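Coordinate analysis (summary)
The chain contents come next:
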Amino acid sequence: MTETPAGMCEGRVVIVTGAGRGLGRAHAKAFAAEGAQVVVNDLGVGPDGGGSSGGPAQEVVAEILAAGGSAVAHGGDIATGAGAASLIACAVDTYGRLDTLVNNAGFLRDRMLVNLDEDDWDAVMRVHLKGHFLPLREAAAWWRSEAKAGREAAARVVNTSSGAGLLGSVGQGNYSAAKAGIVGLTLVAAAEMGRYGVQVNAIAPAARTRMTERTFAETMAAPADGAFDAMAPENVSPLVVWLGSAASAGVTGRVFETEGGRITVMQGWHPGPTADRGSRWTPAEAGEVTLKLLADAEPPLPVYGAR
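Once a new chain begins, its residue numbering starts again from 1 and follows that chain's sequence as written. Residue-level local features of this predicted model are given only where pLDDT is at least 70; pairs of side-chain atoms are given and counted only at 80 or more, and the full residue set underlies all totals for whole chains, interfaces and linings. The side-chain values count all of the structure's non-hydrogen atoms but skip hydrogen atoms and water molecules.

Turning next to the overall build of the chain. Each helix corresponds to a stretch of at least 4 residues labelled H or I by DSSP, and each strand to a stretch of at least 2 residues labelled E; elements are numbered beginning at the N terminus. For the chain, the helix and strand inventory stands at nine helices and eight strands. Radius of gyration means the value over C-alpha atoms here, while the globule rule gives 2.2 Å times the residue count to the 0.38 power. Relative to the compact-globule value of 19 Å for 307 residues, the chain shows a C-alpha radius of gyration of 21 Å, a close match. Projected onto the principal axes, the alpha-carbon positions of the chain cover approximately 75 × 50 × 40 Å. Exposure is judged per residue with a 1.4 Å probe applied to protein chains only, and the accessible area is read against the type maximum: over 50% gives exposed, under 20% gives buried, and values in between give partly exposed. Burial statistics for the chain: of 307 residues in total, 42% are counted as buried. Here, two residues are considered to be in contact whenever any of their heavy atoms come within 4.5 Å of each other. Here the contacts in the chain between residues at least 6 apart in sequence split such that 71% fall between residues at least 24 apart. Surface accessibility follows the Shrake-Rupley procedure with a 1.4 Å probe radius. Residue values consider only the protein chains on display as shielding. Entry remark: accessible area of the chain is about 15,600 Å², with carbon and sulfur atoms responsible for 55%. His is not counted here, nor are the chain ends, while Lys and Arg score as positive and Asp and Glu score as negative. Throughout, a charge is located at the NZ atom of Lys, the CZ atom of Arg, the CG atom of Asp or the CD atom of Glu. For the chain, the distance from the average site of its 25 positive side-chain charges to the average site of its 32 negative ones is 4 Å.

Take a look at the structure:
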């Protein structure tokens, strides 16, 4: 009798937030297919964050169980301290440990800046940025306690940024700011948590989800039958699974763009042309030298949606 080879994440316990639909659903199922035990977190809210339902998370769990995998649903609000704490406790109480956290939950409330009200700003910041920070903090505390107890970890965190956070996106000032903040959070977490055996990376995915299929309808449209569906969310999950596995040892503090069959290492901010006179500039001198530096600099990539 031939044994089925173990998956890349065999024996690992993985949390995926916002896993009821779209990218999160694809990630949860991909981890389970590689042998992970998965905590499927989802509030079941609408595309703008309204309402709630346990149905989406339970449906994904049912799909994983039907395929022979192991999963449990968590319906807590991970943008609250209590909800984030209960998420980590769900993994540890159910499976005895935590190995990987995938922060993915989010929604959109798109407006041009002049029409963007405070509630829409706060709601998007809350789910994306605070919804990354709180689970990350709770997981970090658990991994630190494990390290202090002498139990070596190969822990992984995969955060979800966006091209909007790297370049900006017209009509998405709140979303772009939150996703840019996630990149900064990723870099700090990678630097702080490495001593506990934790690697932290981020992806900037492009895929067809409830958040993109209307905003970028033409780009996200499904292809004709038989053609490669470059915008299918399942295309993003292989990189996420690898980053969330022990196989990614040594990879931390990185941001990857991924869509379709493409993976790109993003290189972030690097110093460009510079001038130093060793003393204070006058405003006119500062302006003159800055124009010269800009003439030698690479032009920035365009903001999404800019004309």
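The next subject is the sheet that holds strand β6 (residues 198–205). We call two strands paired when DSSP finds no fewer than two bridges between them. Reading across the sheet, the eight strands line up as β3-β2-β1-β4-β5-β6-β7-β8 and stay open at both edges, with mixed pairing between neighbours. The strands lining the two open edges of the sheet, one partner per strand, are β3 (70–74) and β8 (262–266). Adjacent strand axes in the sheet meet at a mean angle of 20° when their direction is disregarded. As judged from the three bridges shared by strand β4 (residues 100–102) and strand β5 (residues 155–160), these two strands associate in the parallel manner. Across the sheet, residue valine 102 finds its bridge partner in β5, namely valine 158. For every element, the axis is a line fit to its C-alpha atoms; helices are fit only across the contacting stretch, and the angle between N-to-C directions ranges from 0 to 180 degrees.

In the contact formed by helix α4 (residues 118–148) and helix α6 (residues 173–193), the axes pass within 8 Å of each other and the chain directions differ by 15°. Compared by their axis directions, α4 and α6 come out roughly parallel. For the element pair α4 and α6, the recorded crossing hand is right-handed. Contact residues: α4 offers Asp120, Trp121, Val124, Met125, His128, Leu129, His132, Phe133, Leu136, Ala140 and Trp143, while α6 offers Gly173, Asn174, Tyr175, Ala177, Ala178, Lys179, Gly181, Ile182, Leu185, Ala189 and Met193. Ten residue types, Ala, Val, Leu, Ile, Met, Phe, Trp, Tyr, Cys and Pro, are classed as nonpolar, four, Asp, Glu, Lys and Arg, as charged, and the remainder, Gly among them, as polar. Partitioning the contact of α4 with α6 into residue classes produces 15 nonpolar, five polar and two charged. Note that the term roughly parallel is reserved for angles under 35 degrees, roughly antiparallel for angles over 145, roughly perpendicular for angles of 65 to 115, and oblique for everything else. If you view the pair so one helix is near and one far, a crossing is left-handed when the near helix is turned anticlockwise from the far one by less than a right angle, and right-handed when it is turned clockwise.

We now examine the nonpolar core. What tends to happen in soluble globular proteins is that the nonpolar side chains get buried as a cluster. Among the nonpolar cores identified, the biggest contains 27 residues, and Val16, Ala28, Phe31, Val38 and Val40 are the most heavily contacted of them. Secondary-structure elements contributing two or more residues to this core are β1 (13–16), α1 (22–33), β2 (37–41), α2 (55–66) and α8 (237–243). Beyond its immediate chain neighbours, meaning those up to four positions away, valine 40 contacts Val16, Ala19, Ala28, Ala57, Val60, Val61, Ile64, Ala71, Val72, Ala73 and His74. With 24 residues, the next largest nonpolar core counts Leu101, Ala105, Leu136 and Ala155 among its residues. We call a set of buried Ala, Val, Leu, Ile, Met, Phe, Trp, Tyr and Cys residues a nonpolar core when their side-chain atoms join them within 4.5 Å.

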